[in-house]
Amino acid sequence: MQVDAERLQYDLEQNAQFGEVNVEPGHARTVLTGTNADERAREYFVSRLRDANMKVRIDAAGNIVGRWIPETADPGSKPIATGSHLDSVPEGGIFDGPLGVYAGLEAVRAMQDANVSVRRPVEVVSFTEEEGQRFGVGALGSAVTTESLSIGDAHALTDETGTTLESALDSIGFLGEGRIQPEEWDSWLELHIEQDTRLESQHVSVGVVTTITGIARCEVSIDGKANHAGTTLMPDRTDALTAASELVHEIETAARQISEDDAPTAVATVGSLDVSPNAPNVIPGRVDLTIDIRDVSHESMLSLIERVREILDRIETDRDVETSFSLPRHREPREMSQRCRRSVHDAAEAVEISAMDLHSGAAHDTMRLAPFTDVGLLFAPSENGISHNPREWTDWGACRECTQVLARSLLSLSQE
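The sections below set out a description of the structure shown in this document. Treat the numbers as computed from the prediction; the structure is a model and nothing was measured. (Residues numbered from 1 in each chain as written. Predicted model: local features only at pLDDT ≥ 70, side-chain atom pairs only at ≥ 80, totals over all residues. Heavy atoms only, no water.)

1. Some details on the overall build of the protein
To keep it simple, the criterion reads: Only runs of H or I of at least four residues qualify as helices and only runs of E of at least two qualify as strands under DSSP, and these elements are numbered from the N terminus. Accessible area is worked out with a 1.4 Å probe on protein chains only. A residue is then buried under 20% of its type maximum, exposed over 50%, and partly exposed in between. Here the Shrake-Rupley method, with its probe set to 1.4 Å, supplies the accessible areas, and only the displayed protein chains count as covering residues. Neither His nor the chain ends contribute to the count of charged residues, in which Lys and Arg are positive and Asp and Glu negative. By convention, charge coordinates are those of NZ in Lys, CZ in Arg, CG in Asp, or CD in Glu.
In terms of regular secondary structure, the protein is built from 12 helices and 17 strands. Overall, the C-alpha framework of the protein stretches about 80 × 50 × 40 Å when taken along its three principal axes. For the protein, the proportion of its 416 residues judged to be buried stands at 53%. For the protein, the exposed surface amounts to about 17700 Å²; the carbon and sulfur share of it is 43%. For the protein, the distance from the average position of its 36 positive side-chain charges to the average position of its 71 negative side-chain charges is 3 Å.

2. Some remarks on the sheet that holds strand S11 (residues 267–276)
Using the following cut-off: Pairing between strands is defined by DSSP: at least two bridges between them are needed. Helix axes use the C-alpha atoms of the stretch in contact, all axes being lines fitted to C-alpha atoms, and the angles between their N-to-C directions lie in the range 0 to 180 degrees. Contacts are assigned to residue pairs that have any heavy atoms within 4.5 Å of one another.
Sheet architecture is open: 4 strands sit in the order S11-S13-S9-S14, paired in antiparallel fashion. Only two strands of the sheet have a single neighbouring strand rather than two, namely S11 and strand S14 (322–331). Direction aside, the axes of adjacent strands within the sheet are offset by 15° on average. Note that strand S9 (residues 214–223) and strand S13 (residues 286–295) share 10 bridges and pair antiparallel. Note on S13: the bridge partner recorded for Gly-214 is Asp-295. Across the face of the sheet, helix H8 (residues 240–261) comes into contact with S9, S11 and S13 while running at roughly 10° to S13. In the packing of helix H9 (residues 298–319) onto the sheet, contacts are made with S9, S11, S13 and S14, and the angle to S14 comes to roughly 170°.

3. Quick look at H8
Defined as follows: What a helix is expected to span follows from its residue count: subtract one and scale by 1.5 Å. Here a polar contact is taken to be a pair of N or O atoms separated by no more than 3.5 Å, where protein atoms must pair a possible hydrogen donor with a possible acceptor and residues adjacent in sequence count only if both atoms sit in side chains.
An ideal rise of 1.5 Å per residue puts 32 Å on 22 residues; H8 measures up with 32 Å between its terminal C-alpha atoms. For H8, the secondary structure elements touched by its buried residues are S9, S11, S13 and H9. Between the side-chain oxygen of the N-cap and the backbone nitrogen of Leu-241 there are 2.8 Å, and the N-cap of H8 in question is Asp-239.

4. Overview of the pattern of salt bridges
The criterion, for reference: Salt bridges are counted wherever a side-chain nitrogen of Lys or Arg sits within 4 Å of a carboxyl oxygen of Asp or Glu.
Under the criterion given, the structure shown has 31 salt bridges. The partner of Arg-198 in a salt bridge is Glu-194, with the nearest N and O atoms 2.9 Å apart. Among the residues examined, Glu-194 registers a relative accessible area of 4% and is labelled buried. Note that Arg-314 is salt-bridged to Asp-318, the shortest N-O span being 2.8 Å. Taken together, the positions of Arg-314 and Asp-318, both in helix H9 and 4 residues apart, correspond to about one turn of that helix. By relative accessible area, which is 30% here, Arg-314 ends up partly exposed. The exposed category is assigned to Asp-318, whose relative accessible area is 51%. Taken together, the shared-partner salt bridges connect Arg-7, Asp-11, Arg-48, Asp-51, Glu-106, Arg-109 and Asp-113 into one network.

5. Comments concerning empty space enclosed by the protein
Selection rule: Cavity means a closed set of points on a 1 Å grid over the protein atoms alone, one where a 1.4 Å probe fits but cannot get out, pocket means an open set with protein on both sides within 12 Å along at least 5 of 7 lines, and lining means a residue has an atom within 4 Å of a point. Grid points are joined across faces, edges and corners, and a volume is the space filled by probe spheres set on the points. Residues are grouped as follows: Ala, Val, Leu, Ile, Met, Phe, Trp, Tyr, Cys and Pro are nonpolar; Asp, Glu, Lys and Arg are charged; all remaining types, including Gly, are polar.
On inspection of all chains with the given rule, the structure shows 1 cavity of 30 Å³ or more. Space inside the largest cavity adds up to approximately 60 Å³. Every residue along the wall of the largest cavity is listed here: Thr-33, Asp-38, Arg-42, Gly-62, Ile-64, Leu-86, Asp-87, Ser-126, Phe-127, Thr-128 and Glu-129. Looking at the lining of the largest cavity, the elements with two or more residues in it are helix H2 (36–51) and strand S6 (122–127). In terms of residue class, the lining of the largest cavity is built from 3 nonpolar, 4 polar and 4 charged.

6. So, the layout of surface pockets
Here the largest pocket is characterised by a volume of approximately 530 Å³. If you trace the largest pocket, you find 27 residues lining it, with Glu-131, Arg-294, Ala-362, Ala-363 and His-388 closest to the centre. Within the residue set of the lining of the largest pocket, elements represented by two or more residues are S9, S14 and strand S16 (355–360). Split by residue class, the lining of the largest pocket holds 6 nonpolar, 11 polar and 10 charged.

7. A short note on the state of the cysteines
Such a bond, covalent and formed between the sulfur atoms of two cysteines, is termed a disulfide. So the rule is basically this: A pair of cysteine sulfur atoms is labelled a disulfide when the two atoms are within 2.5 Å.
For the structure shown, the criterion picks out 0 disulfides. Of all cysteine sulfurs in the structure, the one in Cys-402 sits closest to Cys-399, which takes part in no disulfide; the separation is 7.3 Å. On the basis of relative accessibility, which here comes to 0%, the residue Cys-399 falls in the buried class.

8. Concerning the packing of aromatic side chains
To keep it simple, the criterion reads: Pairs were defined over the aromatic rings of Phe, Tyr and Trp, the Trp ring being its six-membered one, requiring ring centres within 6.5 Å. Orientation was assigned from the angle between planes: stacked under 30 degrees, edge-to-face over 60, tilted for the rest.
Across all of its chains, the model carries 8 aromatic pairs by this definition. Seen in terms of ring centroids, Phe-95 and Trp-393 are 5.1 Å apart; in terms of plane orientation they differ by 90°. Their pairing is edge-to-face. In this pair, Phe-95 sits in the loop between strand S5 (80–85) and helix H3 (98–114) while Trp-393 sits in the loop between strand S17 (374–380) and helix H12 (396–414), placing the two residues 298 residues apart along the sequence. Owing to a relative accessible area of 21%, Trp-393 belongs among the partly exposed residues under this scheme. An aromatic cluster of at least three residues, connected via ring pairs, comprises Phe-18, Tyr-44, Phe-45 and Tyr-102.

9. So, the pairing of strand S8 (residues 206–212)
Most of S8 is tucked away: 7 of the 7 residues are buried. The pairing of S8 with S16 spans 5 bridges and is classified as parallel. Looking at S16, one finds that Ile-212 is bridged to Ser-360. Pairing geometry for S8 and S17, over 2 bridges, is antiparallel. By the bridge assignment for S17, Gly-207 is matched with Phe-379. Here S8 pairs with strand S15 (residues 334–335) via 2 bridges, running antiparallel.

And the structure:
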């Protein structure tokens, strides 16, 4: 059983034209949910599913599923599923998401071409709005499938113009009914680009993810007193930004320490600050900021969250500011299924393609699916680790190798 590398490359290059943005250097696309670019990408994917004699359905979140029932399969058995997403960040690359979608389709076509005995139906899925760029919810489509977001609440989401998700999907003809039910799948595999340099630096072709990192998003506000920058003497100031600076520095120090001592994959990032009134001659009176905490160890995440609270308590006393803290997003780490991981390693060994275990520092649709079925996540090498950028690149040969491993793994799972 061999995948057709030229066919896979053709589909990815065709998909890259939808939402194409002319930039130098690299290849960029902007595909936001419910736009013309999204419509064209979806329509092309549906046409390729039908070319492969797959039955297509669309759920209420706009998720697309192509289903293949081989003659050798029991139609009533739980299907094997694979896929990813077709949307992008603004001026994103051409592999993040689409590689997993079209590798899944190519895996099905390879099994069809080889006339192998496949004992379960196979489904190829494209989830809606994994990037969360238009309607503000990352992995939106898989959130609906797992009912962490109701269909009604999803439909009511609005973009910055007030357009709802429901009307956006309806306008492009991709507002379906019901929901995909991952609890009815036997297993799920997703192929994604690594977005890091570990595979490239080790000269390894396939990454087998052990755990998807947990994510805690802390929101912090620090209130001082805005005042004139020239007439307010230093002892009389209550500067919200200098207080925030202490927090930023101390949480970085805490994260470095915990990564050195106990949890090497623990990270903490202050990536967004809103300073008010943000004028050159006014002492900052308020700062709103976010802290992104991630690790494959939930214990280390909780430790860093507690450290944030402790720092805020001390800053309130030392600097006479008022602080507030909330935790609007808190996802625990998700371990990948041992069964799926084993199938990927066995598949790589069978086709003599190198593979290694690693963790994922980014969330993917697979993270939401993990509580509902056996899941696995494969990584393809990213040149220089670049992603969400026109210079994002995965060598075509690497795409072929990873798709070959995906196909063998799906076949193996279907025969268990």
